[in-house]
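# Inside the fold
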Amino acid sequence: MTDMTSMPNSTTVLIVGAGPSGLVTALSLLHHGFKHFVVVDAVEQGENTSRALVVHAATLEALDTIDCGEEIVAKGTKARSLNIGNRSSKLVSTDLSSLDKYTRHPYALIIPQNLTEYILGEKLKSHGVTVHRPCKVTSLKMNENDDDLTDVVFEDGKTITAKYVIGADGARSVVRQMAGISFTDPKTGEKGDRITNLAQMVLADIVYEGGDNNDFGFSATMSPESFFLSMPLPSSFNDFLAENGKEATGQIYRIGAGVPLVDGEIPHSPSKEYLQNLVDRFGPTVLSSDASVNPSSTPVRIKEIIWATRFRTHSAIAEKAFTRLGGDELQGATVAADDSTTKHGGIILLIGDAAHIHSPAGGQGMNLGIRDAVFLGDALMKHINASTSQPSSIDADYILREFAEERHKRALEVIAFTKNLLSLWGAQDKKISWLFPISAATVRDWVMWLGGKLSFMQARMAWAMSGLGRR
């Protein structure tokens, strides 16, 4: 536990949250030669259970600009294709080699989020920066002596004063809530969308036994009731677990599956039997534990669960990612003033899950947050430099407003993309109409099979997944 008293009473930039977005914001500032910041996180090291898995080309290029990509690439596995099929056969293989002419990273990098965080945290530590933990923010208020500063109050009563407060504290962001910024689904206006048969999902890191469990590859399986994903994790993850006292022997796989609502709520801690049932029902037959179903006639079973979680798929976006804090109180939260008209107030910025969330389809969430952070470092430096050269920092706010508007636009694009993927993967086994008595799932399979035969469709799929068109 970090001693709270070691934190300064004031700083220029306070970064709330030490997930990938918060860590990369700090590293981006360091890259620009700026060190007057403090990073805090509400949980102890290693207690973050968020588990993104894929780093795409656009994100690796962004990390390269602040000299942070190389270490992550070295620890990950480069996936150059993804096989998508139904339970018994492959429908399409997405070949990422078409990205060669656009990027030096023509692949999807497979690396668990906790390993990514560890690498980023070690790099930050090498610069002499400490992440203060556990430091839970409880409120924000305008500083009594300077309206352009924010007093950030922690659970133990400690206060730190900052000119810029960066909310990188996740989907339940205290910074966002205290600033009075709404967080709703951009299409429905609701706080969560419930669509298709992938409304609830389970993720787990497991070890198989039986068959050639080192060669099951990277595959996605669509069935009339669900979507199933299985991919091998890099051996560096085994090393990381061993270093943290959680040794696992054998190839570790990440699996994910939609659980039909008719099955009821997913258990809080899914058991081996529960997960095995999902593999047998929705996974490819080569992973079946039933020898009569498995084409190799050899049953494959889950030997060990390393970690498992459940979640509901939904989307939401912050009304704005930049504001200045007003002084009025409303329902216990300090109200954020309209940043286009206010002349005072500490600066509040939101990035990562604090600014936008969506389904895990396509592995876009952590990627978008990391790119937010890389570009925020540049925008902050421009604003800080402009503020020192202009009589009123409000004159420079267009820099942060443009940054926030651009990231908001990118988030809307990603949310639309993931919703479309979710609709495709979660197509239900219902007849389209009495005039066309074929299920939507069957039509989807036909279209994907045909698309997989066309090189330009392969290239379009690879481009969409890479994020290169919406950095």
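Per chain, residue numbering runs from 1 following the sequence as it is written. Confidence filtering applies because this is a predicted model: local features only for residues at pLDDT of at least 70, side-chain atom pairs given and counted only at 80 or more, and all residues used for totals across whole chains, interfaces and linings. Hydrogens and waters are ignored; side-chain quantities use all the structure's heavy atoms.

The name recorded for the protein chain in an unreviewed UniProt entry is FAD-binding domain-containing protein, from Suillus discolor. UniProt, in its Cofactor (unreviewed entry) section for the protein chain, records the words "FAD". UniProt positions are given in the numbering used here, feature names are shortened, and annotations may be inferred rather than shown by experiment.

### Examining the pattern of salt bridges
Put simply, a salt bridge is a Lys or Arg side-chain nitrogen that is within 4 Å of an Asp or Glu carboxyl oxygen. Inspection of every chain in the model, using the stated rule, returns 14 salt bridges. Between Arg281 and Asp263 there is a salt bridge; the shortest N-O distance is 2.7 Å. Linking Arg281 in helix 7 (residues 272-282) with Asp263 in the loop between strand 16 (252-258) and helix 7, this pair joins segments that are 18 residues apart in sequence. Judged by relative accessible area, which is 29%, Arg281 ranks as partly exposed. Only protein chains enter the accessibility calculation, which uses a 1.4 Å probe; a residue is then buried when its area is under 20% of its type maximum, exposed when over 50%, and partly exposed in between. Accessibility expressed as a relative area gives 34% for Asp263, which makes it partly exposed. Among the ionic pairs, Glu406 bridges to Arg410, the shortest N-O distance being 2.8 Å. Think of it this way: any DSSP run of H or I at least four residues long counts as a helix, any run of E at least two long counts as a strand, and we number them from the N terminus.

### Structural notes on the environment of His358
Counting through the fold element by element, His358 comes out in the loop between strand 22 (356-357) and helix 8 (365-389). Among the residues examined, His358 registers a relative accessible area of 14% and is labelled buried. Considered as a pair, His358 and Asp185 are 173 residues apart in the sequence and their alpha carbons are 9.1 Å apart. Apart from residues lying up to four places away in sequence, His358 is in contact with His314, Ser315, Gln364, Gly365, Val414, Ile415 and Thr418. Contacts between residues were defined by any pair of non-hydrogen atoms, one from each residue, lying within 4.5 Å.

### Brief notes about the sheet that holds strand 17 (residues 301-312)
Strand pairing is assigned whenever DSSP detects at least two bridges linking the two strands. Taken in spatial order, the seven strands of this open sheet run 6-5-14-15-16-13-17, and their pairing is mixed. Whereas interior strands pair on both sides, the edge strands pair on one side only; in this sheet they are strand 6 (90-95) and strand 17. Taken over all neighbouring pairs, the strand axes of this sheet differ in orientation by 15° on average, direction set aside. Across three bridges, strand 5 (residues 81-85) lies against strand 14 (residues 219-222) in parallel orientation. Counted as the bridge partner of Asn83 is Ser219 from strand 14. Packing against the sheet, helix 7 makes contact with strand 13 (200-209), strand 14, strand 15 (227-232), strand 16 and strand 17, and its axis sits at approximately 85° to strand 17. Fitted lines through C-alpha atoms give the axes, limited to the stretch in contact for helices. The angle between two N-to-C directions lies from 0 to 180 degrees.

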